[in-house]
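Residues per chain, in single letters:
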Amino acid sequence: MNLKKYPPHKWINLVRNRIFVQKVPKRILNKKNSFDAAILVYCSKMNLPHSNVVVKGVTPSDVKNKDICKGAQYILDNKLPLLSDNIINLGEKIAWNKDYITNIECSSIEQAKSEGADIKRVWELSRMHQISPLMNGFFLTGNAKYLEKIKDIINSWIKDNPYEEGPNWINSMEIAIRSANIIRTIVWCPELSEDKEFLQNVNQLLFWSGVHIQYHLENTTLVNNNHYLSNLMGLVFIGAYFQDCDDKKIQKLVKKWIGISYKELNKEIREQVLDDGTSFEKSTSYHAYVLEILLWSYKVFELNTDFDIIYLKSIIHKMYIFLNQIEYKEGIPFIGDNDNSRLFRDDKDYPFEDQHKYEMLLENCRKWLDIKDNQYKTCYINSGYYFLNSDSLMVLVCCGALSKNGGHCHNDQLSFILWYKGIRITDDPGTYCYTSDLKSRNIFRGTKMHSTVQICDAEQNEFAKCFEVKERSNAECIFFNQESFEGVHYGYKNQFNSVVKRRIKISGNRVNIYDSLQTGNNIE
């Protein structure tokens, strides 16, 4: 059989008598059937920061142990939230292609959408976030049942998801997140590598995941986004994991993955992170996710390469400042789209912890970047976030241009979020769903769902597609200081010949909001 006429990501489809292919073209390996011997080498020399999922000083007798192990028990019982406020019972055998909310088996994005399922819930289950609390449970108790459950989950996924088959091989971002979670667990729990058959299956999965990502990079659209950053994060994790493999062909390939990741990450952050340190996608949730991607990529580069990462470090620091500023007891506010948007789930109380709290991410930033002070900015001009402050009040106003295609933007111009003594009083309702129900998606990202002015049920900006909003508001700030804001948007200029103007002033415990519509020379 001549494999040269097939792209590398299709090689595995030629062999169906095994879970993963055992014969690899000579341009990757020197010897026929040498893949098993080479890939079985456990790459224990990969450097990752020592596990900090367990807070320093916590011991098995500490009260926190009960909380952490309570979460792990839910995973042992196959229970997860899956983008829902309710814990879902997955049953004795996990159905990896199933949307457990609608009970629909999914084979593709199109089929899921046509039948009312949400492919994101299928992908969420396969991200392998659930193995983190099991790892925590093992760290704290030493009980081998947690390691056995980790192996059961991963083995089950490998068996039910042959390479390039089914919905869990559609999206390279999901493959990257899954790979990073598995790699971190293998490196931090070397006891897992004692099971050679398990390790062989995992290593084959990870290697072919890297091949898939390389040949399915999500950079083919006019505007790259967090998906492409996720791909690059996956390549550096997988590349670093296999960098000490004995086979020189594999070494050469994974070195290429690391090099691609470094080069492209440094290019992309110049496009995807604005000068004020916020994500260009204008979503607080995706801002946090991109920060987490960049932080962990930075750490893997630092510990496993001699690359210059000073610029990457400076970008991470700027992104940290914004996230740290909006993180309160109840988590970050919902601005723009939001979903799970996490690389790792290191929350001590996961799966119970609110998914929009980022204490561990912020702690890692402070620790790994040696951040000593808490900087505070009153405005982020590039993204259009303005902060008003008094002794007891804080108001965050949204007033700025949409992202390049409005992919994760909402019609929230001149809307505001209000905190009183650290407690959110008004809020953005967030995102109900993505692809499963476009009507509901448009309702939740619509003008009416935000604390701003609306004329006759009309929208500020046009919803073109599920992930595209056409700009017409062109919001701009007219005046701003610590206690007062004034801005306008032109979203109704063509429809009603009207310009929306809003002025917000705070003093003590009082917030005054003045709205006006300017039509021609008349103000109403």
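Look a little higher up for the structure.
Description of the structure in this document.

1. Here's the deal with the packing of helix α11 (residues 284-304) against helix α13 (residues 359-368)
Turning to step 1, where the next piece is worked out: Running from N to C, α11 and α13 point in directions that differ by 40 degrees, and their axes come no closer than 11 Å. For the pair α11 and α13, the sense of crossing is left-handed. Seen from α11, the contacting residues are A288, L291, E292, L295, W296, Y298 and K299; seen from α13, they are L361, N364, C365 and W368.
Turning to step 2, where the next piece is worked out: Residues belonging to the contact of α11 with α13 are distributed by class as follows: eight nonpolar, one polar and two charged.

2. Some details on the nonpolar core
Turning to step 1, where the next piece is worked out: Counting residues in each nonpolar core, the largest one holds 112 residues, and the members touching the most others are F237, L294, I316 and L323.
Turning to step 2, where the next piece is worked out: Counting residues per element, this core draws most heavily on α11, at twelve residues.
Turning to step 3, where the next piece is worked out: Apart from the residues within four sequence positions on either side, I316 is in contact with L291, L294, L295, Y298, C365 and L369.
Turning to step 4, where the next piece is worked out: Counting residues in each nonpolar core, the second largest holds 20 residues, with L388, L393, V395 and V397 among its members.

3. Digging into helix α6 (residues 144-160)
Turning to step 1, where the next piece is worked out: Relative to the 24 Å expected for 17 residues at 1.5 Å per residue, α6 spans 24 Å between its end C-alpha atoms, a close match to the ideal helical length.
Turning to step 2, where the next piece is worked out: Buried residues of α6: Y146, L147, K149, I150, K151, I153, I154, S156, W157 and I158, and no others.
Turning to step 3, where the next piece is worked out: Sitting at the head of α6, N143 places a side-chain oxygen 2.9 Å from the backbone nitrogen of K145.

4. Side note on the pairing of strand β6 (residues 385-389)
Turning to step 1, where the next piece is worked out: Of all five residues in β6, five are buried; the element is thus mostly enclosed.
Turning to step 2, where the next piece is worked out: As consecutive antiparallel partners, strand β5 (residues 379-380) and β6 are separated by four residues, and within that stretch G384 has a phi angle of approximately 85 degrees, a positive value.
Turning to step 3, where the next piece is worked out: As paired elements, β6 and strand β7 (residues 393-398) share five bridges and run antiparallel to each other. Bridge assignment links Y385 to a residue of β7, and that residue is C398.
Turning to step 4, where the next piece is worked out: Taking the residues between adjacent antiparallel strands as the criterion, β6 and β7 are bridged by three residues.

The rules we used
- Residues numbered from 1 in each chain as written.
- Predicted model: local features only at pLDDT ≥ 70, side-chain atom pairs only at ≥ 80, totals over all residues.
- Heavy atoms only, no water.
- Axes fitted to C-alpha atoms, helices over the stretch in contact; angles between N-to-C directions.
- Helix = DSSP H or I, 4+ residues; strand = E, 2+ residues; numbered from the N terminus.
- Left-handed = near helix turned anticlockwise from the far one by under 90°.
- Contact = heavy atoms within 4.5 Å.
- Nonpolar A, V, L, I, M, F, W, Y, C, P; charged D, E, K, R; others polar.
- Core = buried A, V, L, I, M, F, W, Y, C linked by side-chain atoms within 4.5 Å.
- Buried < 20%, exposed > 50% of the residue type's maximum accessible area, 1.4 Å probe, protein only.
- Expected span 1.5 Å × (residues − 1).
- Polar contact = N/O pair within 3.5 Å; in protein donor to acceptor, adjacent residues only side chain to side chain.
- Pairing = 2+ DSSP bridges.

The analysis is restricted to geometry; functional conclusions fall outside its scope.
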